[in-house]
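# Analysis of the macromolecular model
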Amino acid sequence: MAYTTRRRTLQALGLGGVASLAGCSSKPPTAAQALDETPTPKQQSEPVTADQVAADPTDIPGPIDRNEPAEVDVTLRPEEVTAEVEKGVTFTYMTYNGTVPGPMVRVRQGDTVNLTFENPEENNMPHNVDFHAVAGPGGGAEATMTAPGETTKLRFKATYPGAYIYHCAVPNLDMHISAGMFGIILVEPPEGLPEVDKEIYIGQHEIYTDKKAGKKGHHKFDFAAMRDEEPTYVVMNGEKFAWTDAGRGPAATVKTGETVRVFFVDGGPNLSSSFHPIGSVWETLYPDGSLSMDPQTHIQTRLVPPGSTAIATMNSPVPGDFKLVDHSLSRVARKGCMAVVRAEGPENPEIFDPNPE
């Protein structure tokens, strides 16, 4: 594959860290071609190929329990799949390992990550990955630029602690991210994180389609809507109300008084999230996922820009559903942006009494 000429063109466009598209032609693309005319996935008009893209919020690696750096093997596999955004509405996603967000990668500061990046032969598009935790050109994007049917490898050291986004960074990077290609890499400090009772992982992003929200049938990707930043859906974990009773059930169920740590990533590609737990506050919060400072305390709403993260804890002394939302509330009411943490336990009328006599 001849990537060199196209890479230079993208660098001239100000996308220096973005690797080039696969292709046989050495003729440089125009700006419009580089950014807008990438082939869409071949499953775009085909039947559903995946029953679920919404990542299980509790399916994440456990805390690091060692005191020395280690080598950590990670495999990411871009998968182009068609699934339901909501009942009766299908969309062609691009994912890492079949889920949105992609799998949470958890390492310790000082660890060496051995990444294997496998692009399946049945895919229609080249993909790659840019880790914001990588100290190197493009966050690894150029090194991992991979055509369908090929595998590349990357080795990097996790030199600074924090929770960092990773995402696809091909020329149509906004489309690929909007279609689901983002996730978190958590680099724990040597001393680890404070112990909590439960951890969950939530990713927010926008989906831009050629039909109105709720219109039955297959929704194709709409570049004009993305350019105008007018999303059809704004979702948590890839589907409308995925982890609520209207979808697949609560993101987590805990006992009253237990502390929940939320790892949150805003994939974007365009909209910031005003991240808020309805009925609670963030007891502790690490802005932008930074673990190099003391956490903030008792924060009601945290602005998380696209391409950034937050680490926050919450708890409840009373039972009930605590809704995690973007407080740009039309995105909740109209576009599906919510997840639920359910607390179960005895009532505590001294704290909250919904039926006082």
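Scroll up to find the structure this text is about.
In this report, we go over the structure that sits alongside the text. This is a predicted model, so every value here is computed, not measured.

## Points about the packing of aromatic side chains
- A complete count under the given rule lists 10 aromatic pairs for this structure.
- Note on Phe131 and Phe156: the rings are 5.3 Å apart at their centroids and 40 degrees apart in plane angle, and the pair reads as tilted. Residue Phe131 is found in strand S6 (residues 130–131), and its partner Phe156 is found in strand S7 (residues 151–157); the two are separated by 25 residues along the sequence. The exposure classification of Phe131 matches that of Phe156, with both residues buried.
- Arranged with centres 5.4 Å apart and planes meeting at 75 degrees, the rings of Tyr160 and Tyr164 form a pair that is edge-to-face.

## Some words on the sheet that holds strand S1 (residues 71–76)
- Within the open sheet, the 3 strands sit side by side as S1-S5-S7. Their pairing is mixed. In this open sheet, the two strands that pair with only one neighbour each are S1 and S7. Across the sheet, the mean angle from the axis of one strand to that of its neighbour is 20 degrees, orientation sign disregarded.
- Looking at chain direction, S1 and strand S5 (residues 112–118) are connected through 6 bridges and run parallel. Directly across from Thr75, in S5, lies its bridge partner Thr116.

## Section: the sheet that holds strand S15 (residues 273–278)
- Read across the open sheet, the 5 strands follow the order S13-S21-S20-S15-S18; overall the sheet is mixed. At either margin of the open sheet sits one strand with a lone partner, and together these are strand S13 (252–255) and strand S18 (302–304). Direction aside, neighbouring strands of the sheet carry axes that sit 25 degrees apart on average.
- In terms of strand pairing, S13 meets strand S21 (residues 338–344) through 4 bridges, oriented parallel.

## Topic: the environment of His167
- You can see His167 is positioned in strand S8 (residues 162–167).
- Overall, the relative accessible area of 8% leaves His167 in the buried class.
- Leave out the neighbours within four places in its chain, and His167 touches Tyr96, Asn128, Val129, Asp130, His132, Ile177, Met181 and Phe182.
- One polar contact links His167 to His132, side chain to side chain, over a distance of 3.3 Å.

Scoring rules and cut-offs
Residues numbered from 1 in each chain as written. Predicted model: local features only at pLDDT ≥ 70, side-chain atom pairs only at ≥ 80, totals over all residues. Heavy atoms only, no water. Phe/Tyr/Trp six-rings, centres within 6.5 Å; stacked < 30°, edge-to-face > 60°. Helix = DSSP H or I, 4+ residues; strand = E, 2+ residues; numbered from the N terminus. Buried < 20%, exposed > 50% of the residue type's maximum accessible area, 1.4 Å probe, protein only. Pairing = 2+ DSSP bridges. Axes fitted to C-alpha atoms, helices over the stretch in contact; angles between N-to-C directions. Contact = heavy atoms within 4.5 Å. Polar contact = N/O pair within 3.5 Å; in protein donor to acceptor, adjacent residues only side chain to side chain.

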